[in-house]
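# Geometric and topological summary
Listed below are the residues making up each chain.
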Amino acid sequence: MRRAHQHNARVVGHLGHGSVQWPQVVNASWRTEWVSDITHWFIEEQGMDGIQFDVEALNPNETAAATDLVCELRAALNAALPGSTLSWCSDFPPSADPGWNFTRLGECLDHFVIMDYSPHGLGPGWHADFTQGVAGYGALGVPPEQLIITLAWFGVKWQCAELSGTNCTYAGQASCPERCRPLNNAGYAELLEFEAPGAPIHYQPTLTPSPYIDLVENGTRLRWEFDDARSVRAKMATIRAAGVGGVGVWTADALDYSNGTEAAAMWQALLSGLHSP
């Protein structure tokens, strides 16, 4: 923590779905005790600069109380460490659950961290999804500057039921049961190695040209989708034009840092979008 602060870096604690007994959030006395314990642990014991919720989904009867929990934690953080940050990981588009009060939630949060690495986040639909997503949050009272857009720095492998030109008809389509796992931390290097034996990198003919590699393994047609420096730079231009509050990546260690040129190109592409040319 001391080293991070010496380099003007801020560190926030992570609260995953299992960190909260969500059925208990409707109990006000339980929330009070939980908020006190969490604030003490992250701020006073660990010396962190804030907290981030990473909750993928809640039951409809938990969302209103979850907003209360966030706002009560906000008050506790303000008292324990003025200037501390509180954020909530969310998706594009915003949840349609009527239990969420995004106006109130936004008043209690510094940022919504948008996990923009959904299936369309890596493919040709990214530009439309991003534009509609920002507009969707705006319609709920969340301004663009309160959004942090997180890009994926890992590859996603799909099984293609049908391949036609640049189009891969994904097996499973809407429910995507055939969506393959994200690669491990060495995955980015593995993706680049696919190019050598005759699987060239192609780019979608879109405003944000996402790269992909088509392969056949044991008779199964596969497509790897990912981002490289070229697509990151294009996405960053779109992100900057939307006026959002910042960007992030999941995860920084997905790059191959033994290849200094490739890793440096990715970071340069990301940082290029934080400033006007």
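Before going into details, it helps to say that this report is about the structure given with it.

What counts and what doesn't
- Residues numbered from 1 in each chain as written.
- Predicted model: local features only at pLDDT ≥ 70, side-chain atom pairs only at ≥ 80, totals over all residues.
- Heavy atoms only, no water.
- Helix = DSSP H or I, 4+ residues; strand = E, 2+ residues; numbered from the N terminus.
- Buried < 20%, exposed > 50% of the residue type's maximum accessible area, 1.4 Å probe, protein only.
- Contact = heavy atoms within 4.5 Å.
- Areas by Shrake-Rupley, 256 points an atom, 1.4 Å probe, with all protein chains shown as cover.
- Pairing = 2+ DSSP bridges.
- 1 Å grid on protein atoms, 1.4 Å probe; cavity = no way out; pocket = protein on both sides within 12 Å on 5 of 7 lines; lining within 4 Å.
- Points joined across faces, edges and corners; volume = space filled by probe spheres on them.
- Nonpolar A, V, L, I, M, F, W, Y, C, P; charged D, E, K, R; others polar.
- Salt bridge = Lys/Arg side-chain N within 4 Å of Asp/Glu carboxyl O.
- Expected span 1.5 Å × (residues − 1).
- Arc of directions from axis to C-beta.
- Core = buried A, V, L, I, M, F, W, Y, C linked by side-chain atoms within 4.5 Å.
- Disulfide = S-S within 2.5 Å.

From N to C terminus, the chain includes 9 helices and 11 strands. Each of the 277 residues in the chain was classed as buried or not, and the buried ones make up 46%. Here the analysis covers contacts within the chain between residues at least 6 apart in sequence; of these, 71% occur between residues at least 24 apart. Accessible surface for the chain amounts to roughly 13600 Å². Of this, 53% is attributable to carbon and sulfur atoms.

Here we come to the pairing of strand β10 (residues 220–225). Pairing of strand β9 (residues 211–217) with β10, which is carried by 6 bridges, proceeds in the antiparallel orientation. If you follow isoleucine 213 over to β10, its bridge partner there is tryptophan 224. The hairpin turn running from β9 into β10, its antiparallel successor, is 2 residues long, and asparagine 218 in that turn takes a positive phi close to 55°.

The computed volume of the largest pocket comes to approximately 580 Å³. Every residue lining the largest pocket is counted, 20 residues in all, and those nearest its centre are Val12, Gln52, Ser87, Val113 and Ile148. Those elements giving two or more residues to the lining of the largest pocket turn out to be β1 (12–16), β2 (50–54), β3 (85–90), β4 (111–115), β5 (147–152) and β11 (246–250). For the lining of the largest pocket, the element with the most residues is β11, which contributes 4 residues. Broken down by class, the residue content of the lining of the largest pocket amounts to 10 nonpolar, 7 polar and 3 charged.

Tallying each qualifying case throughout the model produces 4 salt bridges. A salt bridge links aspartate 110 to arginine 74, with the shortest nitrogen-to-oxygen separation between them at 2.6 Å. Pair noted here: aspartate 110 is in the loop between α4 (102–108) and β4 and arginine 74 is in helix α3 (residues 63–80), with a separation of 36 residues, a long-range link. Take aspartate 110: its relative accessible area is 28%, and that puts it in the partly exposed class. Judged by relative accessible area, which is 10%, arginine 74 ranks as buried.

Taking 1.5 Å of rise per residue, the 14 residues of helix α6 (residues 126–139) would be expected to cover 20 Å, and the 20 Å separating its terminal C-alpha atoms lies within 8% of that figure. Along α6, the residues that are buried comprise Trp126, Phe130, Gly133, Val134, Gly136 and Tyr137. Down the axis of α6, the buried set is contained in an arc of 160°. They therefore lie on one face. Residues of α6 that are exposed and point over 90 degrees away from its buried face: Gln132 and Ala139.

Now for the nonpolar core. Membership of the largest hydrophobic core comes to 53 residues, with the highest contact counts inside it found for Trp22, Trp34 and Phe53. Ranked by the residues each element gives to this core, the list is headed by α3, at 7 residues. Discounting residues that sit within four places of it in the chain, tryptophan 34 has contacts with Leu15, Ser19, Val20, Phe53, Leu69 and Leu73. Of all hydrophobic cores here, the second largest spans 6 residues; its members include Ala199, Leu215, Trp224 and Phe226.

Each disulfide consists of one covalent bond between the sulfur atoms belonging to two cysteines. Under the defined criterion, the tally for this structure stands at 1 disulfide. Sulfur-sulfur distance for the disulfide between cysteine 71 and cysteine 108 comes to 2.0 Å. Sign of the S-S torsion, about 95° for the bond between cysteine 71 and cysteine 108, identifies this disulfide as right-handed. In this pair, cysteine 71 sits in helix α3 while cysteine 108 sits in helix α4, placing the two residues 37 residues apart along the sequence.

Omega for the peptide link from tryptophan 250 to threonine 251 comes to -10°, which places this bond in the cis form. One can find threonine 251 in the loop between β11 and α9 (260–272). For asparagine 8, which is not a glycine, the phi torsion comes out positive at approximately 60°. Secondary-structure assignment places asparagine 8 in the loop between α1 (2–6) and β1.

Without other data, these values stay purely geometric and don't point to any function.
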